Amino acid sequence: MAEAQFLEHIKDQTEDQKPKEVPELEFDDIEIGSLTAKMKKELEKYTGLQFLSFNGCGLTSLDNFPNLPNLEQLSLDGNQLTGKALSALASLKNLKVLTLIENQIKDANELKPLASLPLEHIELAENEIAKTDGYRAKVFEVIKTLEVVDGFDKEGNEVQDDLEGGEDDDDDGEEYEEERKLVRD
């Protein structure tokens, strides 16, 4: 995707919003391949981003990945990323949810660059690592802050996705709605 098209796609999603007021951007199924320095600079204007998705974009690396201080959820499903690319995410100090379904992650040690992040939930299904017996325990060992790996907690209990209709203990629904914004399939 040419930089001009990338910028146009951002414009289409943000309309008349100020960059710092945009909570999410999605680039799903748009062939990007790799981010350029110009793309990085443009994305870094969106300091209020909480959700960013590059699913099915043909990414082979995360070079020039933007520093987004408020990003809480990142979806990178269906790309060609290896563990080596993950070090580019180390600056995402508020990242809580990371989905890497259908990439090239082979071993829990490849996730070490993520160990300093406050990750609570990671999805690794359809990676080579997910075919290995006991992989979840190894992932929990590498990233100590994790609560959920591929839909299961540390004890091996299945965790219900908030989007599938969890109980709303908050009378006005505000907390539940906030969670719905952060947790996506």
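Everything below is about the structure printed above this text.
Now for a description of the structure that goes with this document. (Residues numbered from 1 in each chain as written. Predicted model: local features only at pLDDT ≥ 70, side-chain atom pairs only at ≥ 80, totals over all residues. Heavy atoms only, no water.)

**A short note on the environment of His9**
Heads up, the rule is: Elements are defined by DSSP. Helices are runs of H or I of four residues or more, strands are runs of E of two residues or more, and each kind is numbered from the N terminus. Contacts are assigned to residue pairs with any non-hydrogen atoms lying within 4.5 Å of each other.
As for its position among the elements, His9 is in helix H1 (residues 3-14). It is 7.8 Å that separates the C-alpha atoms of His9 and Phe27, two residues lying 18 residues apart in sequence. Apart from the residues within four sequence positions on either side, His9 is in contact with Glu26, Phe27 and Ile30.

**Remarks on helix H3 (residues 135-142)**
Two residues of an α-helix separated by three or four positions point the same way, owing to the 3.6 residues in each turn. What counts here: Partly exposed residues are those whose accessible area sits between 20% and 50% of the maximum for their type, while under 20% is buried and over 50% is exposed, using a 1.4 Å probe and protein chains only. The reported arc concerns the directions from the helix axis to the C-beta atoms and nothing else.
Listed in full, the buried residues belonging to H3 are Tyr135, Val139, Phe140 and Val142. Angular distribution of buried residues about the axis of H3 spans 165 degrees; they occupy a single face of the element. Those residues of H3 that are exposed and angled more than 90 degrees off the buried face are Ala137 and Glu141. Buried residues belonging to H3 abut strand E5 (121-123) and strand E6 (148-149).

**Topic: the pattern of salt bridges**
Pairing of side chains with opposite charge becomes possible as their charged atoms draw close. Defined as follows: For this document, the term salt bridge refers to a Lys or Arg side-chain nitrogen within 4 Å of an Asp or Glu carboxyl oxygen.
In total, this model carries 3 salt bridges according to the counting rule given. The closest approach of N and O atoms between Lys45 and Glu42, which form a salt bridge, is 3.0 Å. Put simply, Lys96 and Glu72 hold a salt bridge, and the shortest N to O gap is 4.0 Å. Of this pair, Lys96 sits in the loop between strand E3 (73-75) and strand E4 (97-99) while Glu72 sits in the loop between strand E2 (51-53) and E3; the two residues are 24 residues apart in sequence, bridging distant segments of the chain. Its relative accessible area of 16% is what places Glu72 among the buried residues.

**Points about the sheet that holds strand E1 (residues 24-26)**
Applicable threshold: Pairing between strands is defined by DSSP: at least two bridges between the two strands are required.
What the 6 strands build is an open sheet, ordered E1-E2-E3-E4-E5-E6; its pairing is parallel. The open sheet terminates on both sides in strands that have one partner only, identified here as E1 and E6. In the sheet, E1 pairs with E2 via 3 bridges, with the strands oriented parallel. Bridge pairing links Glu26 to Ser53 in E2.

**Thoughts on the nonpolar core**
For soluble globular proteins, nonpolar side chains are generally found buried alongside one another. Put simply, the rule is: Buried Ala, Val, Leu, Ile, Met, Phe, Trp, Tyr and Cys residues form a nonpolar core when they are joined through side-chain atoms within 4.5 Å.
The biggest cluster of nonpolar side chains holds 46 residues, and the ones touching the most others in it are Phe54, Leu111 and Ile122. Contributing elements (two or more residues each) for this core: H1, helix H2 (37-43) and H3. Broken down by element, this core gets its largest block of residues, 4 residues, from H3. Ignoring anything within four residues of it in the chain, the contact list for Ile122 reads Leu98, Leu100, Leu111, Leu114, Val139, Ile143, Leu146, Val148, Val149 and Asp150.

**Considering H1**
Just so we agree on the cut-off: Helix span, expected: 1.5 Å multiplied by one less than the number of residues in the helix.
When the terminal C-alpha atoms of H1 are compared, their 17 Å separation across 12 residues agrees well with the 16 Å that a helix rising 1.5 Å per residue should span. Check the buried side of H1 and you find it contacts E1 and H2. Once H1 ends, the next one or two residues include Glu15, with phi positive near 50 degrees.

**Overview of the environment of Glu21**
Tracing the backbone shows Glu21 in the loop between H1 and E1. For Glu21, a relative accessible area of 47% corresponds to the partly exposed category. Considered as a pair, Glu21 and Leu49 are 28 residues apart in the sequence and their alpha carbons are 7.8 Å apart.

**Considerations on the packing of aromatic side chains**
The description of two aromatic rings rests on the distance between their centres and on the angle between their planes. As a reminder of what qualifies: Centres within 6.5 Å are what make two rings of Phe, Tyr or Trp a pair, Trp counting through its six-membered ring; a difference in plane orientation under 30 degrees is then read as stacked, over 60 as edge-to-face, and the rest as tilted.
A full pass over the atoms with the stated rule returns 3 aromatic pairs. A centroid spacing of 6.4 Å and a plane angle of 70 degrees characterise the contact between Phe54 and Phe65, whose relative ring orientation is edge-to-face. Pair noted here: Phe54 is in the loop between E2 and E3 and Phe65 is in the loop between E2 and E3, with a separation of 11 residues, a long-range link. Taken as a pair, Phe54 and Phe65 share a single burial class, namely buried. Through a chain of ring-to-ring contacts, the aromatic side chains of Phe6, Phe27, Phe54 and Phe65 assemble into a single cluster.

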